[in-house]
Structure formats: C-alpha cells, structure tokens
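Observations on chain architecture
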Amino acid sequence: MNKPIRVVAVFCLLLFVALLLNSSYLMYFRAGDLGEDPRNRRIINNAFSRERGAILVGKDAVARSVPSDDKYEFQRTYPQPLKYAPVTGHFSFFTQTGVERSQNDVLSGEDSRLFVTRLVDLLKNAEPKGGNVQLTLDPAAQDAAWAGLEALPGDAKGAVVALEPSTGRVLAMASTPTYDPNGMASHDFGSVAELTERLQADPDDPLINRAIGTTLPPGSTFKLVTATAAIESGDYDADSMVPGGFAFQLPQSETKIKNHDGGDCGGKRISLTRALEVSCNVSFLSLADELGNDAMADQAEKFGFNSTSLQDLPGQAKSLYPRDMDEPQTAMSGIGQSSVTATPLQMAMVAAAIANGGDVMRPYVVNEVRAPDLSVLGQTDPERISEAMSSSTASELTRMLVSTVAQGTATPAAIPGIDVAGKTGTAQSTPDRPPYAWFVSFAPADDPQIAVAVMVESSDTSRDEIAGGRLGGPIAKAVMEAVIAP
C-alpha cells in the first residue's frame with residue numbers, strides 16, 4: 001500500500017472512531033438531557049401526537065385524548081374544564097401544569113414502569129399509549145365545592161379544600177376564578193400563545209390554584225393553633241379560665257385590640273371553650289403573648305407551616321409563621337394576623353389533624369396510576385408526616401369545636417343529627433380592602449370522614465356582611481354533606 005492510500009485509510013479510521021465515540025456519548029450520557037430539552041421539537045411532536053392517558057375522577061375522565069383530523073392525530077380534551085382545571089392543569093404543545101405535569105411520564109407512556117408495554121407495542125408495530133391516573137377527588141364533594149364558590153356574589157375569588165383526615169386524600173379542591181384548559185390544548189398554536197398571554201396578564205390570576213398557591217392571613221381559624229399550643233403546654237384545658245373583656249393592650253405599645261363584635265366575650269375571665277365559641281380576640285391575644293414566639297412557631301410547624309407537603313401537585317406555596325416576630329407581633333399571631341399567612345390547604349390540614357387524633361397526614365391527589373390495559377402500576381400509601389398534638393388534646397379541641405358549631409359562631413355549618421366541629425375566621429388585611437372570610441370544619445366529630453377549609457378572598461359582598469360563618473359556613477356544610485350524607 002502506497003503512502004497516500006495509507007494516509008486516507010488512517011484518516012477514514014479516525015473519522016469512524018470519532019463518529020462511534022460521539023454516538024456513544026449522545027446515547028449513554030446526553031440522551032436524558034436531550035429528551036427533556038424543551039427545544040427538542042422531535043420529542044415534543046412525538047409526545048403531542050401520541051394518545052395520552054386519561055385523568056380519572058371516579059369512573060369519569062376529566063382529561064382524555066380523542067382522535068383529531070390533523071397531523072397531530074390526537075386532541076387533549078377536558079370535559080369539565082372549569083371545575084377541575086386547578087387540579088388537572090393543562091397539556092399544551094409548549095408546557096404542562098398541574099397533574100398533567102406531575103404525572104407526565106405516566107400519561108405520555110414514558111414512565112419506566114411502562115417499558116414492557118412499549119416493547120409489546122413495538123413488536124406489534126402499534127402506536128404507544130400513555131397510562132391513566134386515578135385522582136383521589138370525590139365527585140360529589142368537588143361538585144359541592146365548585147357550586148359553593150360559584151354561588152358567591154359577583155366574580156368571587158376563593159378556594160375550597162377537603163381532606164380525608166385519616167389518610168390525607170384530597171377529596172375536593174376548587175378555586176375561582178379559573179380557566180378553560182381546552183383552549184391551552186388547542187392545535188392552533190397562535191391562539192394558544194394569545195390565550196396564555198391574556199391569562200397571565202389577568203389581574204385576577206385565573207391560572208393560580210388558590211387552594212394551594214395563595215397565602216393570606218388565616219384570621220380566627222388560626223386560633224385552633226393557639227389553642228393547641230396552650231393545651232399542649234400543660235397549663236390549660238377546655239375548662240381553664242382565660243382573660244376576656246373588651247380589649248387587649250399589645251405589649252410595648254399603646255395600641256389596644258378589641259374583639260370583632262366590640263363586646264367583652266362574656267366577662268373578664270371566661271373558659272377556653274367559651275373563648276373559642278365566641279372567637280374572643282382578647283383571650284387568644286393573651287395566650288399567644290404568654291406562650292411566646294418559640295412555642296407558637298413550634299406548634300405551627302407541627303401542623304405544616306414553614307414547609308410544603310404536596311408531592312404530586314406542583315404550585316404549593318409555603319404557609320408562614322415567622323420565628324423572629326417581636327412581642328406585639330407574636331400576640332397578634334394568636335388571632336391569625338401579623339405576619340402569619342396560610343393556604344386553604346394548610347388550614348384544612350390543621351382541621352384534619354385535630355380530627356385525626358393529632359396526626360398530620362401528607363395530602364395527596366393521585367390515588368393510583370395504571371397501564372393502558374388498566375393494570376395497576378402504583379398506588380399512593382398514606383403517610384404520617386408529624387404529630388401536631390396528643391390524642392387527648394385532639395379530643396378536647398374536638399369537643400370545643402363541636403360546641404362552637406352548636407352554640408357559637410360556627411352554626412352555619414350545623415348538620416341535623418350529626419355532630420360537626422368548626423371554626424370561623426375573618427381576617428383583616430389593609431384599611432382600603434375588605435377582610436378575608438375563612439371557615440374550617442370536620443364531621444362527623446366522633447368518626448371524622450372529611451375536613452374542609454373554605455377561603456373567600458373577595459366577593460361582591462358589603463364589608464359589614466363579610467364573615468367566615470356567613471360566607472364559608474354554608475359551603476363547608478354542603479361539602480361535608482356530600483361525603484357523609486350523600
């Protein structure tokens with residue numbers, strides 16, 4: 001072999017080795033990154049053209065793919081879009097949100113547990129299909145939550161969350177205003193871009209799931225946390241006498257905080273049960289001031305404040321109880337004001353923990369995932385994430401909350417023949433905007449099956465008429481009835 005031919009042969013060999021090394025690098029080291037790269041149009045086109053699995057509530061699909069007559073072959077549709085959008089989210093050519101995002105691998109068929117299914121489809125020369133996701137939502141509870149928010153006056157903003165106390169299963173999650181995910185799933189990408197821009201610019205934030213993404217002062221519903229801290233300290237029980245009266249003077253300040261109705265709660269000294277029944281600000285300001293910031297923060301964190309708990313639904317905001325509040329701020333925190341903020345999910349977790357004997361369960365929305373042939377791939381197991389209080393404290397609080405519904409401020413949630421535990425909340429924000437209305441409850445008190453939190457951020461209701469019991473109580477009652485007395 002002469003020299004020029006040897007040079008060409010060596011050069012070709014080097015090119016072949018370089019090609020082999022590059023192919024190996026792409027296949028074994030970069031395949032994952034390239035597959036997840038949002039700029040990879042081939043991957044996006046393949047995923048968008050595939051029959052995506054369904055998202056189910058009960059036996060009904062709340063998100064499914066149907067054949068289309070364009071090049072993408074399948075169209076994602078949402079049969080009950082407004083009611084379920086905060087949970088399902090949407091699947092568009094550009095992105096996914098909600099369960100569409102958290103369960104994307106299963107729904108798209110890319111999950112490792114679907115490897116055999118993909119292999120069988122390959123051997124049959126059949127198009128691959130995605131798996132299905134079964135949600136924990138109870139259709140009747142979701143209907144009641146949605147109807148309650150829709151019935152509020154005007155274009156209301158609010159949210160409802162219902163949990164199964166013993167497991168953490170989310171039974172209902174509704175939020176208003178919301179949006180139609182069908183528009184986001186359209187194959188007309190120009191209209192999708194226009195709709196996205198319009199929704200993102202909407203000052204009412206319809207894309208936010210207020211049940212988990214909005215934090216506001218929880219008002220008097222936070223008195224449950226204060227009461228728990230007081231009883232857990234060992235110095236108080238339901239019959240202990242606590243300060244009442246017309247006003248509480250904040251420490252290090254000349255400011256006096258009055259009760260919501262301007263009254264004296266029944267006297268200068270009242271029982272802790274009475275304080276909860278009439279939602280006495282003076283009592284809980286005094287207790288938080290006495291307990292101090294560390295004890296209050298410790299108790300709040302046992303309920304889940306200062307952390308997040310949802311693992312199968314994106315967008316959860318952290319509920320906050322700051323550990324650096326001064327004495328006046330700590331006292332105000334006892335009535336859910338100052339720098340304390342909570343999501344409706346967090347306050348539902350507080351109610352659920354009391355209902356569950358003190359144990360806080362991790363909330364979850366995905367019950368199980370299934371292959372296209374409906375075989376079960378996986379199921380979510382309930383998980384206890386903390387003990388917020390002893391079982392005796394939980395029993396004592398339950399009796400106090402039942403009394404609050406029977407003869408206190410929470411009577412709008414009363415259900416004939418069933419003991420209901422509940423607490424109202426009306427949180428002040430700024431002088432130029434109306435207060436927020438809250439309500440938390442659970443039932444039946446002796447065998448809790450559901451815990452509910454309702455938050456009304458705003459509605460077409462006069463300022464004097466805004467109260468947690470008046471706006472949130474009837475909604476909570478309807479959601480509880482949907483589960484325990486369908």
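Residues numbered from 1 in each chain as written. Predicted model: local features only at pLDDT ≥ 70, side-chain atom pairs only at ≥ 80, totals over all residues. Heavy atoms only, no water.

The chain carries the name Penicillin-binding protein 2 in an unreviewed UniProt entry, which gives Nocardioides seonyuensis as its organism.

1. Re the pattern of salt bridges
Spelled out, the test is: For this document, the term salt bridge refers to a Lys or Arg side-chain nitrogen within 4 Å of an Asp or Glu carboxyl oxygen. Partly exposed describes any residue whose relative accessible area lies between the buried limit of under 20% and the exposed limit of over 50%, with all areas from a 1.4 Å probe on protein chains only and scaled to the type maximum. Secondary structure is summarised from DSSP: a helix means a run of H or I of at least four residues, a strand means a run of E of at least two, and numbering begins at the N terminus for each.
Summed over all chains, the structure comprises 14 salt bridges. Between R169 and E164 there is a salt bridge, with the nearest N and O atoms lying 3.6 Å from each other. Since its relative accessible area comes to 23%, E164 is described here as partly exposed. Of the charged contacts in the structure, one is a salt bridge between R323 and E301, with a shortest N-O distance of 3.1 Å. A residue pair is termed long-range when its members are at least 10 positions apart, and R323 in the loop between α14 (281–303) and α15 (327–333) and E301 in helix α14 qualify at 22 residues. For E301, a relative accessible area of 31% corresponds to the partly exposed category.

2. With respect to the UniProt feature "domain: Penicillin-binding protein transpeptidase" (unreviewed entry) in the chain
Using the following cut-off: UniProt positions are given in the numbering used here, feature names are shortened, and annotations may be inferred rather than shown by experiment.
Per the UniProt record, "domain: Penicillin-binding protein transpeptidase" (unreviewed entry) is found at residues 158–481. Split by type, residues 158–481 is 34% helix and 20% strand. Its first and last C-alpha atoms lie 20 Å apart.

3. Describing the state of the cysteines
Keep this limit in mind: By convention in this document, the label disulfide applies to cysteine sulfur atom pairs within 2.5 Å.
For the structure on display, the rule yields 1 disulfide. Note on cysteine connectivity: C265 is disulfide-linked to C280, with sulfurs 2.2 Å apart. Handedness of the C265-C280 disulfide follows from its S-S torsion of about 90 degrees: it is right-handed. Of the two residues, C265 is situated in the loop between β9 (256–258) and β10 (269–271) and C280 in the loop between α13 (272–277) and α14; the sequence distance between them amounts to 15 residues. According to the relative accessible area criterion, C265 is buried, its value standing at 10%. Given a relative accessible area of 0%, C280 falls into the buried group.

4. Considering the sheet that holds strand β2 (residues 60–67)
The condition that has to hold: The rule for pairing is simple: two strands pair if DSSP sees at least two bridges between them. Whenever a helix is involved, its axis is fitted only over the stretch in contact; in every case the axis is a line through C-alpha atoms, and angles between N-to-C directions fall within 0 to 180 degrees.
With mixed pairing, the 6 strands of this open sheet are ordered in space as β3-β2-β1-β4-β12-β13. The open sheet is flanked by β3 (74–77) and β13 (376–379), the only strands paired with a single partner. Within the sheet, the average angular offset between the axes of one strand and its neighbour, ignoring direction, is 25 degrees. Here strand β4 (residues 132–135) pairs with strand β12 (residues 366–370) via 4 bridges, running antiparallel. Residue V133 lies in a different strand from β12, and its bridge partner there is V369.

5. Some remarks on a nonpolar patch on the surface
Defined as follows: Patches here: salt-bridge-free residues with over 30% relative accessible area, like charges joined within 9 Å, nonpolar side chains (Val, Leu, Ile, Met, Phe, Trp, Tyr) joined within 5 Å. Working definition of accessibility: Shrake-Rupley area with a 1.4 Å probe, residue cover restricted to the visible protein chains.
Side chains of F115, V116, L119, V120, L122 and L123 sit close together on the surface and give an oily, nonpolar patch of about 620 Å² of accessible area. Positionally, L123 belongs in helix α7 (residues 115–123). Of the residues examined, L123 reaches a relative accessible area of 71% and is grouped as exposed.

6. Focus: the nonpolar core
Proteins that are soluble and globular tend to have nonpolar side chains buried together. How we decide: Definition of nonpolar core: a set of buried residues of the types Ala, Val, Leu, Ile, Met, Phe, Trp, Tyr and Cys, connected through side-chain atoms within 4.5 Å. A contact between two residues is defined here by any heavy atoms of the two lying within 4.5 Å.
Within the largest apolar cluster, 96 residues are counted, with the highest numbers of intra-cluster contacts made by L135, F305 and Y321. Apart from residues no more than four positions distant in its own chain, F305 is found in contact with F222, A300, S319, L320, Y321, V340, T341, A342, Q346, M347 and V350. Residues A145, A162, A410 and I466 belong to the second largest nonpolar core, which totals 32 residues.

7. Digging into the packing of helix α12 (residues 223–232) against α14
Put simply, the rule is: Should an angle fall under 35 degrees it is taken as roughly parallel, and over 145 as roughly antiparallel, whereas 65 to 115 is taken as roughly perpendicular and any remaining angle as oblique.
Across the interface, α12 lies against α14 with an axial gap of 7 Å and an inter-helix angle of 85 degrees. With respect to each other, α12 and α14 are oriented roughly perpendicular. Taking contact as the criterion, the partners of K223, V225, T226, A227, T228, A229, A230 and E232 in α12 are, on α14, N281, F284, L287, A288, L291, M296, Q299, A300 and F303.

8. Regarding the pairing of strand β5 (residues 157–163)
Within β5, 7 of the 7 residues are buried, which leaves it mostly tucked inside the rest of the structure. Here β5 shows no split at all, with K157, A159, V161 and L163 on one side and G158, V160 and A162 on the other all buried. Sheet topology note: the β5/strand β17 (residues 450–458) ladder contains 7 bridges and is antiparallel. Paired with V160 across the strands is V454, a residue of β17. Linkage of β5 to strand β6 (residues 170–176), two consecutive antiparallel strands, is achieved through a turn of 6 residues, within which G168 is found at a positive phi near 90 degrees.

9. Observations regarding the layout of surface pockets
Put simply, the rule reads: Whether a set of points on the 1 Å grid over the protein atoms alone is a cavity depends on a 1.4 Å probe fitting there but being unable to get out, while an open set qualifies as a pocket with protein on both sides within 12 Å along at least five of seven lines; lining residues are those with an atom within 4 Å of a point. Grid points are joined across faces, edges and corners, and a volume is the space filled by probe spheres set on the points. Each residue gets one label: Ala, Val, Leu, Ile, Met, Phe, Trp, Tyr, Cys and Pro are nonpolar, Asp, Glu, Lys and Arg are charged, and the others, such as Gly, are polar.
Empty space within the second largest pocket amounts to approximately 520 Å³. Lining the second largest pocket are 27 residues, with S220, H260, D261, S279 and N281 sitting closest to its centre. Of the residues assigned to the lining of the second largest pocket, the class counts are 7 nonpolar, 15 polar and 5 charged.

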